[in-house]
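# Understanding the architecture of this molecule
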Amino acid sequence: AQTVTQSQPEMSVQEAETVTLSCTYDTSESDYYLFWYKQPPSRQMILVIRQEAYKQQNATENRFSVNFQKAAKSFSLKISDSQLGDAAMYFCAYGSSNTGKLIFGQGTTLQVKP
Amino acid sequence: KAGVTQTPRYLIKTRGQQVTLSCSPISGHRSVSWYQQTPGQGLQFLFEYFSETQRNKGNFPGRFSGRQFSNSRSEMNVSTLELGDSALYLCASSIGAYNEQFFGPGTRLTVL
């Protein structure tokens, strides 16, 4: 069975600085997807970024980028130029190519200090 | 394009009752998944429907059931409610079964 681990329950960053959230996963599959989702206090879950396992290039979306290390089964999220609106719970999620379900980590609460 | 909508947004029920939650996916999306979110257990997969067929089911008791209609709208039902069923129930839709999922705002269920 696949598992996702986020070892940082809480993180904080100063506005305009950079922060990296960690995620590791375990799987025996070779084809899968990885996602970072953001859940602000309003509770609406928002997709931040997606990475296909077969792609070597790390995904980037504006200020958000990932460091995908397939052999190490690591998938970290880097947020550059942090903004107050980035404060939220961030979930790392694994999506199997064989099923339609997502397996989530426990989440990391990110605090952005002005 | 309108996002995923869920109704109702809040529900208060008592133990032993049953409840039905509704989810309307993004137009054109054929896959609908349901998740339960609690502070203790985090986000757990309930089930996934694709073209009216349940494709996958999580590790939940048979009191939790669902269905999908021909217009891709989905409902989930919880019978004989227990206190532990209090949670935020999230619905997510995707174009296909293996694409990124877009979430609705959730239904907050409180069981007294």
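Shown above is the structure to which this text applies.
The rules behind the values
- Residues numbered from 1 in each chain as written.
- Chains lettered and ligands numbered in written order.
- Predicted model: local features only at pLDDT ≥ 70, side-chain atom pairs only at ≥ 80, totals over all residues.
- Heavy atoms only, no water.
- Helix = DSSP H or I, 4+ residues; strand = E, 2+ residues; numbered from the N terminus.
- Rg over C-alpha atoms; globule rule 2.2 N^0.38 Å.
- Buried < 20%, exposed > 50% of the residue type's maximum accessible area, 1.4 Å probe, protein only.
- Contact = heavy atoms within 4.5 Å.
- Pairing = 2+ DSSP bridges.
- Axes fitted to C-alpha atoms, helices over the stretch in contact; angles between N-to-C directions.
- Salt bridge = Lys/Arg side-chain N within 4 Å of Asp/Glu carboxyl O.
- Polar contact = N/O pair within 3.5 Å; in protein donor to acceptor, adjacent residues only side chain to side chain.
- Nonpolar A, V, L, I, M, F, W, Y, C, P; charged D, E, K, R; others polar.
- Phe/Tyr/Trp six-rings, centres within 6.5 Å; stacked < 30°, edge-to-face > 60°.

This next bit is on the overall build of chain A. A tally of regular secondary structure across chain A gives zero helices and 12 strands. Ordered by position from the N terminus, the helices and strands of chain A form the series β-β-β-β-β-β-β-β-β-β-β-β. By the compact-globule yardstick of 13 Å for 114 residues, chain A fits well, its C-alpha radius of gyration being 14 Å. For chain A, the C-alpha atoms occupy an extent of roughly 40 × 25 × 20 Å along the three principal directions. Out of the 114 residues in chain A, the part that is buried amounts to 51%. Long-range pairs, those at least 24 residues apart, make up 55% of the contacts in chain A with a sequence separation of at least 6.

Here we take up the sheet that holds strand β3 (residues 19-24) of chain B. Residues and elements named next belong to chain B. The four strands lie next to each other as β1-β3-β8-β7, forming an open sheet whose pairing is antiparallel. Pairing within the sheet leaves two strands with one partner each, and these edge strands are β1 (5-7) and β7 (64-68). Going from strand to strand, the sheet's axes swing by 20° on average, the running direction of each strand aside. For β1 and β3, the ladder comprises three bridges, and the chain directions are antiparallel. Residue pairing across strands places T5 opposite S24, the latter belonging to β3.

Turning next to the pattern of salt bridges. Applying the stated rule across the entire model yields 10 salt bridges over all chains. Residues D86(A) and R63(A) are paired through a salt bridge, measuring 2.8 Å at the closest nitrogen-oxygen approach. Placement of the pair is D86(A) in the loop between β9 (74-79) and β10 (88-96) and R63(A) in the loop between β7 (60-61) and β8 (64-69), with a sequence separation of 23 residues. The class for D86(A) is buried, based on a relative accessible area of 3%. A salt bridge links R55(B) to E48(B); the nearest nitrogen and oxygen atoms lie 3.8 Å apart.

If you look at the interface, chain B gives 21 residues, while chain A gives 19 residues. Between the two partners, chain B and chain A, sit one salt bridge. Residue R50(A) is joined to E100(B) by a salt bridge in which the shortest nitrogen-to-oxygen separation is 2.2 Å. Taken together, the connections running from chain B to chain A amount to five residue pairs in polar contact (both at pLDDT 80 or more). Among the elements that line the side of chain B that touches chain A, the one with the most residues is strand β5 (residues 42-50) of chain B, at four residues. A breakdown of the residues in the side of chain B that touches chain A according to their chemical character gives nine nonpolar, nine polar and three charged.

This brings us to the packing of aromatic side chains. Aromatic ring pairs are defined here through the distance separating the ring centres and the angle between the ring planes. Considering all chains together, one arrives at 15 aromatic pairs over all chains under this definition. Between Y37(A) and F103(B), the ring centres sit 5.2 Å apart and the planes meet at 85°, which makes this aromatic pair edge-to-face. Residue Y37(A) is located in strand β5 (residues 32-39), and its partner F103(B) is located in strand β10 (residues 102-103); the two belong to separate chains. Assessed through its relative accessible area of 5%, F103(B) is described here as buried. Between F104(A) and Y35(B) the ring centres are 5.5 Å apart and the planes differ by 90°, which places this aromatic pair in the edge-to-face class.

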